[in-house]
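The primary structure of each chain is shown beneath.
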Amino acid sequence: MDEGIRYLQNSGAKITETRVAIMQSLENRYDHPSAEQLFIELKPKHPTLSIATIYSTTQLLARASLLRILSIDEKKVYFDPNLTPHGHFMCRTCKRLFDIPVDYESIFRFDTPSGISSVEAAEVFFYGLCTKCDGKRRPMAKV
Ligand SMILES: [Zn+2]
Ligand SMILES: [Zn+2]
């Protein structure tokens, strides 16, 4: 949070009450909220908040490597302040996100193709069904 504020200050961005609220609400969260979800949560207390502010603030934080913006879905982006390396799973029915442990060391174990100078980051996305949605899909067992 302090780091975030410092970064915003250094990058010349204004520290507004809504920006601080966005950072506060993202801190220590593991539920990967979307921009829309943050908006719904924060709007009642911060009437001047706009979706654009959420995007601009989170982009600044991501540029400072303080936040991951997950483009796991083509319609929505999700935010993850948890910077420890991990991949993500999205249920294709309910769109819930789950953290998945990923062995990044093995992912990066390849001969760098010519033309690529340095590989700096990777996001790993998995798709499928969560247990809840899979349960709903199966017909009830006949007794
Ligand atoms: Zn699901
Ligand atoms: Zn995550």
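Computed from a predicted model, the values in this text were never measured in an experiment.

Caption draft 1: Broad picture of the domain arrangement of the chain. As far as domains go, the chain holds domain 1 (1–83) and domain 2 (84–143). Here the C-alpha centre of domain 2 lies 23 Å away from the C-alpha centre of domain 1. Listed as interface residues are 7 residues of domain 1 and, on the opposing side, 7 residues of domain 2. Classifying every residue of the side of domain 1 that touches domain 2 gives 4 nonpolar, 2 polar and 1 charged.

Caption draft 2: Seen up close, helix 2 (residues 17–26). Burial in helix 2 covers these residues: Arg19, Ile22, Met23 and Leu26. Buried residues of helix 2 fall within an arc of 95° about the axis and therefore sit on the same side. Of the residues in helix 2, the exposed ones pointing more than 90 degrees away from the buried face are Glu17 and Gln24. Turning to helix 2, the residues buried within the fold contact helix 1 (2–10), helix 3 (35–42), helix 4 (51–63) and strand 2 (78–80).

Caption draft 3: View of unusual backbone geometry. Notably, serine 65 is not glycine yet its phi reads approximately 60°, a positive angle. Note that serine 65 resides in the loop between helix 4 and strand 1 (68–70). Assessed through the 11 C-beta atoms surrounding it within 10 Å, serine 65 is described here as exposed.

Caption draft 4: Seen up close, the confidence of the model for the chain. The predicted model of the chain averages 90 in pLDDT, with 95% of residues at 70 or higher. Strand 3 (residues 87–91) holds the highest mean pLDDT among the elements of the chain, 97, whereas helix 1 holds the lowest, 83.

Scoring rules and cut-offs
- Residues numbered from 1 in each chain as written.
- Chains lettered and ligands numbered in written order.
- Predicted model: local features only at pLDDT ≥ 70, side-chain atom pairs only at ≥ 80, totals over all residues.
- Domains from an automatic or database assignment.
- Contact = placed C-beta atoms within 7 Å.
- Nonpolar A, V, L, I, M, F, W, Y, C, P; charged D, E, K, R; others polar.
- Buried ≥ 20, exposed ≤ 12 C-beta atoms within 10 Å, placed from the backbone.
- Helix = DSSP H or I, 4+ residues; strand = E, 2+ residues; numbered from the N terminus.
- Arc of directions from axis to C-beta.
- pLDDT = per-residue confidence, 0-100.

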